[in-house]
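This is what each chain is made of:
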Amino acid sequence: MMRSPRLALYITMTTFVLAFLISASQYPSMLSTRVVANLLTDNAFLGLTAVGMTFVILSGGIDLSVGSVIAFSGVFLAVILRDTSMHPLVAFVLLLMVTTAFGAAMGSIIHYLEMPPFIVTLAGMFLMRGLAYVLSTDSVPITHPFYDTIQDVVWKAPGGGRFRLIGGIMILAYIVAMIVLHKTRFGRNVYALGGSAGTARLMGVPIARTTITIYAIGGGLAGLAGIVYSIYTSAGYSLATVGVELDAIAAVVIGGTLLSGGSGYVAGTFFGILIMGLIQTYIVFDGTLSSWWTKIVIGGLLFAFIMLQKALGWATTKGRRPASESATQS
Amino acid sequence: METQMKPILRAKGIDKFFAGAIALDKVDLTLYPGEVHALLGENGAGKSTLIKSLTGAYHRDGGTIELDGAQIDPRSPVESQALGIGTVYQEVNLLENMSVSDNLFLGWQPMKRRLLDHREMHRRAREILKGYGLDIDPTQLLSSYSIAIQQVVAIARAVELSGKVLILDEPTASLDREEIELVFSVVRNLTSRGMAVVFITHFLDQVFELCDRATVLRNGCVVGERKLADVSQGDIVELMLGHHLEATKRRAKQSSPGETILSMKGFGKRGMIEPFDLDLREGEVVGLAGLLGSGRTETCKVIFGVVSADQGSAELSGKSIRLSSPRTALEHSLGLCPEDRKTDGIVGDLSVRENIILSLQARQGWTRPLKRSRINQIVDEYVKALDIRLASPNMPIRLLSGGNQQKALLARWLATEPDILILDEPTRGIDVGAHAEIIDLIERLREQGMALIVASSEMEELVAYSTRVVVLRDRRQVRELRGEEITTDRIVKSISQGETAA
């Protein structure tokens, strides 16, 4: 029998491929590098957010603050670039430090005060959104020449696709996350924590350090998503990206990660993002459907994937090997 | 021979206090390399406390620990593991969501160029497990293997990380015979390599099968250290229970019980309790005796329908009934006071009043709430009758002492005016005064014609109030004692020898 988390990943990948083929059979022009390039560009900030969310959910937590952090980041950058002569790269570093520290602070509260992540990050969500309002209530345009330079970094693929830098950043983030989760001790500790915090402690996992690092990564990646979003929109607006945390959670779950933690792959999240982007693209191509159909389909998919996980979990324990079969005669 | 060897672990005069109460009183434990040492005692004797004090899970209040001749002072199980003392618990403390290799190597994975070397990890995992007689695929999830295999993986991890002393806390409690064999062969293999193993279990047969020596605890004190080759099971049981040889006064008069009210034939549940026959008459107390895990609690639960029986039949006053859930049992005027009142009995944050009327209200159905005046009347009546000491019936029940909580629970069931009352360990964890009151109450209820089933680990108590005593062993009824036969001596003998003939 196949290991259930991997099976969930394959099912997500198959779903994406099937959905893409079905869309392409209706609208053959969807089979173009242009569509693929736009899929990556349009979902870059959501994709980055979802990477951080995967870490958090794998560890058995949740982070509701990320949407607000993205909005805050946009306003923060826009205001700094408007009011000071700071170079955007310096502002980027400053912002990443702020959001990472913010994530680490939430992680510390969750660990040391033994508070549920849901409440702590909910508070973080209000806090960050409020801070964004304090900085500016209007949409602040970003006109720095450096932004034009970044936006001009384009790789033109044959077929008219324009692969932009921000899509590349997202893909890079997924590759790094995969290495961290599967090839480092910290990564394995994330899974251990999600399996059972009590057991992980008994097995010597440094719970405090791991928890804080996980939420710091979530905050840092949300900050990076904020930078990408500001490049994508050339503005900072405190009302932007409301509810993005829920989209990110949806992508993680559709990607096959167990919402209770301990099981899943960041690669699955990538396909979760692509599936969600694909639905939107399909609706654009169709032209007659209301964009709310995106939400309905995502809702249906989420439900289907939750049922699937239940079934897979049940199948793994049912298929338990008895001791006598695997024991060698000694 | 052992006395000439140098001990690998020597704990001396270990003390541990909990909120002023003595949990361990100058406990000594000596382990020699290559031995399996049983740590025995009834529940609450201090076995777990001793283990936790040794491994640093608890901070001990006195005493010294020497490992290999050097003083150690571990602050956490992780630290004691690094020093050489590994522990494996009854519920496998591994991560079911990760692979077997991940579980074996978490925290000390082989690295290559600063990244984890999965291939090397799987190779070594396979090799290590082969040494334990397991030929399994370590890349698979731990949850895809049986509990026995998980237990062996846990042992393997503990041995790899510690290597001197291995503590097994009830490792066989949820295993079947074949699986126990697997764990035993692993343990024997380890001792032949010179490790010392501490084996904690309630199954005496397993102790005599596997262990070399035993340390017996009772009430936080060591009451004996024995070479198992020199003693019988009976000796060990006597040590564990510490039964006093003077005969306890029997209070249950030879009153003639009334008509049979509940009759069960071949009643049982696979894996929990072997089929048994039991006739219960009005005005009698049937005591259930046996060691922990012998099937006392299971018998209570099966009768009340907490777990429904999968074989046999039950008759209530001559009518066939199905006891499939606590709800039906309640409808048939049965009541059960469970063993663990904290988790199964009281609702801690509700008031004493609400706790007392809970079952009565449940039987009435939620659409027909009890009248406030009626509630107050019932509560006042039982608070007075049972002498429950409280500031007000409105206070949360968790603030009451153990004895008063137990009395409130009894009141809950008495309020439903049951014909049959099942009490599982009614006197556990309550002070001496309340203890006597509860025994008096059992007496009174019997005289009023109620039929009671009482499971208890205290022999004296059973002798005091039982009309008959049913002795259980290994989840099976082995003996029924009546009248003059009911003495602590006979009960202990029946438990240890498992004599079946009447």
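Reading guide: rules and limits
Residues numbered from 1 in each chain as written. Chains lettered and ligands numbered in written order. Predicted model: local features only at pLDDT ≥ 70, side-chain atom pairs only at ≥ 80, totals over all residues. Heavy atoms only, no water. Helix = DSSP H or I, 4+ residues; strand = E, 2+ residues; numbered from the N terminus. Rg over C-alpha atoms; globule rule 2.2 N^0.38 Å. Buried < 20%, exposed > 50% of the residue type's maximum accessible area, 1.4 Å probe, protein only. Contact = heavy atoms within 4.5 Å. Areas by Shrake-Rupley, 256 points an atom, 1.4 Å probe, with all protein chains shown as cover. Lys, Arg positive; Asp, Glu negative; His and termini not counted. Charge placed at Lys NZ, Arg CZ, Asp CG, Glu CD. UniProt positions renumbered as here; feature names shortened; annotations may be inferred. Axes fitted to C-alpha atoms, helices over the stretch in contact; angles between N-to-C directions. Parallel < 35°, antiparallel > 145°, perpendicular 65-115°, else oblique. Nonpolar A, V, L, I, M, F, W, Y, C, P; charged D, E, K, R; others polar. Polar contact = N/O pair within 3.5 Å; in protein donor to acceptor, adjacent residues only side chain to side chain. Domains from an automatic or database assignment. Salt bridge = Lys/Arg side-chain N within 4 Å of Asp/Glu carboxyl O.

Draft legend 1. Representation of the overall build of chain B. Summing up its helical and strand segments, chain B has 17 helices and 22 strands in all. Relative to the compact-globule value of 23 Å for 502 residues, chain B shows a C-alpha radius of gyration of 25 Å, a close match. Taking all 502 residues of chain B together, the buried fraction comes to 56%. Within chain B, contacts between residues at least 6 apart in sequence are counted, and of these 67% link residues at least 24 apart. Put simply, chain B shows about 21,300 Å² of open surface, and 48% of that area lies on carbon and sulfur atoms. On chain B, the mean spot of the 63 positive side-chain charges and the mean spot of the 70 negative ones are 3 Å from each other.

Draft legend 2. A look at the UniProt feature "transmembrane region" (unreviewed entry) in chain A. Residue and element names in this part refer to chain A. UniProt's entry tags residues 7-24, 44-77, 89-112, 118-135, 163-181, 212-232, 265-285 and 292-312 with the feature "transmembrane region" (unreviewed entry), counted in the numbering of this structure. As annotated, residues 7-24 has a helix share of 100% and a strand share of 0%, and its two end C-alpha atoms lie 25 Å apart. Regarding residues 118-135, the helix share stands at 100% and the strand share at 0%, and the terminal C-alpha atoms are separated by 26 Å.

Draft legend 3. Local environment of the packing of helix H12 (residues 352-364) of chain B against helix H13 (residues 372-385) of chain B. All names here are of chain B. Close contact between H12 and H13 brings their axes to 10 Å; oriented N to C, the two are set at 105 degrees. One element, H12, and the other, H13, form an angle in the roughly perpendicular class. Of the residues in H13, those in contact with Arg 353, Ile 356, Ile 357 and Leu 360 of H12 are Arg 372, Ile 375, Asn 376, Ile 378, Val 379 and Val 383. The class makeup of the residues in the contact of H12 with H13 is seven nonpolar, one polar and two charged.

Draft legend 4. Summary view of the environment of A:Thr241. Residue and element names in this part refer to chain A. Mapping Thr 241 onto the fold places it in the loop between strand E4 (235-236) and helix H12 (244-254). Remark: the alpha-carbon pair of Thr 241 and Phe 45, spanning 196 residues in sequence, is separated by 9.9 Å. When sequence neighbours within four positions are dropped, the list of residues in contact with Thr 241 reads Phe 45, Gly 67, Ile 70, Ala 71, Arg 129 and Tyr 229. In terms of polar contacts, Thr 241 uses its side chain to reach the backbone carbonyl oxygen of Gly 67, at 3.0 Å.

Draft legend 5. Structural view of the packing of helix H9 (residues 185-195) of chain A against helix H11 (residues 207-233) of chain A. Residues and elements named next belong to chain A. Two elements in contact, H9 and H11, have axes whose closest approach is 10 Å; the angle formed by their N-to-C orientations is 100 degrees. One element, H9, and the other, H11, form an angle in the roughly perpendicular class. Each of Phe 186, Asn 189, Val 190 and Leu 193 in H9 lies in contact with H11, whose residues at this interface are Ile 207, Thr 210, Thr 211, Thr 213, Ile 214 and Ile 217. Classifying every residue of the contact of H9 with H11 by side-chain character gives six nonpolar, four polar and no charged.

Draft legend 6. Just the domain arrangement of chain B, in detail. Residue and element names in this part refer to chain B. Structurally, chain B comprises domain 1 (2-97 + 141-241), domain 2 (257-333 + 421-434 + 450-502) and domain 3 (345-417). Using only C-alpha atoms to locate each centre, domain 1 and domain 2 end up separated by 32 Å. Counting residues at the interface gives twelve residues for domain 1, matched by nine residues for domain 2. The interface formed by domain 1 and domain 2 holds one salt bridge in total. Here Asp 205 and Arg 473 are joined by a salt bridge, their closest N and O atoms 3.4 Å apart. Where the side of domain 1 that touches domain 2 is concerned, the elements lending two or more residues are helix H7 (204-210) and helix H8 (233-241).

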